[in-house]
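Summary of the model geometry
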Amino acid sequence: RGASIVIPVAVHFPTGNEADRDCLVALAQSQVDVLNADYTAMNADISNWTAASPFYPGLQPGVANISFCLAVSDHPVGVDPELLEGEPAVTIGYNFANGSGFPELDSNWAGYMNFLIKPLDGTTLGYSPLGGSIENGGAVVMNLSTFGTGSGCPGSGIVPGAPFNLGRTVTHELGHFYNLNHTFADFTCTGDDGLADTPNIDTESYNCPPAGSVNACTPGQYSLTMNYMDYVNDACMYMFTPDQMNVVDAYVSSVLASQIK
Ligand code: ARG
Ligand code: ZN
Ligand code: CA
């Protein structure tokens, strides 16, 4: 393994929460911490995985050669009135061209991995392009209740909500940004996610199925319900596979690395 690629993260919150800056910066850092753990199998709950589990014999959790940091803004003073050069790259109510007060894609933030935090319709936890670009300020969009972990920032109404309160929605969405499909792919046994070390399955899983309780398409194989690219609760997803992390490493190094500021 060579030096890992460091991905600079910038986080953008809705207007009206400027007085809550310290809390929102801490919430952003909590999400960065989750990503650093989950993409390197350093998450505490990786202990739920055992190589003796009834999936593929010998399958081990995957580790990507990337890490995340909450970026420091290099924007000149005045570009964003409440963000000074040298401060964490967290904006609140910054320069939203549509005047809605909610963050949107912004080319001033090209070269950063952006997270836009705003109210989404009731059932959407977050969304991302498949195989994204940060050339023009590309972003993952997150609901107010699915970003970061811990007690959140009640003064801003930005509070992680169970059962999606452990920051894993961003882990999942970034998987899409780095070109990962859902493990259940197109919900059929004839389609698959293109990866050899994830059993082919024709259905997503919700809640918290016990390991080995969901049959895969091939008799004797079982769905990797605990994979970050399924739909289970945050507390019940805790691993990527090696093939998934190979896709991420390949995408980050070939497409994104040259776009990083
Ligand atoms: N449904 C969303 C998607 O397909 C995210 C699911 C995330 N699940 C979670 N436990 N956080 O992108
Ligand atoms: Zn998804
Ligand atoms: Ca597969």
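This text follows the structure it describes.
Residues numbered from 1 in each chain as written. Chains lettered and ligands numbered in written order. Predicted model: local features only at pLDDT ≥ 70, side-chain atom pairs only at ≥ 80, totals over all residues. Heavy atoms only, no water.

Concerning the coordination of the calcium ion (ligand 3)
Operational definition: Sites may look incomplete, because water is not among the atoms used; the donor set itself consists of N, O and S atoms within 2.8 Å of the metal (3.2 Å for Na, K and Ca). Residue burial is assigned from relative accessible area. The probe radius is 1.4 Å, only protein chains are included, and a residue is buried under 20% of its type maximum, exposed over 50%, and partly exposed in between.
Surrounding the calcium ion (ligand 3) are the protein donor atoms Asp-193 (OD), Leu-195 (O), Thr-198 (O) and Thr-198 (OG1), which sit 2.4 Å from the metal. All donors of the calcium ion (ligand 3) belong to a single chain; written as a sequence motif, their spacing is D-x1-L-x2-T. Of the two residues examined, Leu-195 and Thr-198, each falls in the buried class.

Details of unusual backbone geometry
This is how the line gets drawn: Comment: elements are numbered from the N terminus, with helices defined as DSSP H or I runs of at least four residues and strands as E runs of at least two.
With an omega dihedral of 5 degrees, the bond running from Ala-162 to Pro-163 counts as a cis peptide bond. Summarising the element assignment, Pro-163 is placed in the loop between β6 (139-142) and α2 (168-177). Notably, Ala-41 is not glycine yet its phi reads approximately 55 degrees, a positive angle. Note that Ala-41 resides in the loop between α1 (21-38) and β2 (66-70). With a relative accessible area of 18%, Ala-41 lands in the buried category. Of note in the backbone geometry, Asn-179 takes a positive phi value of approximately 90 degrees without being a glycine. Along the polypeptide, Asn-179 turns up in the loop between α2 and α3 (242-256).

Brief notes about the state of the cysteines
To be explicit about the condition: Cysteine sulfur atoms that come within 2.5 Å of each other are treated as a disulfide pair.
Scanning the model with the defined rule gives three disulfides in all. The disulfide partner of Cys-23 is Cys-153, and the gap between their sulfur atoms is 2.2 Å. Between Cys-23 and Cys-153 the sulfur-sulfur dihedral comes to about -100 degrees; the bridge is accordingly left-handed. With Cys-23 in helix α1 and Cys-153 in the loop between β6 and α2, the pair connects residues that are 130 residues apart, well separated along the chain. You can call Cys-153 buried: its relative accessible area is 1%. With its sulfur 2.0 Å from that of its partner, Cys-208 forms a disulfide with Cys-236.

These figures come from the coordinates and say nothing about function on their own.
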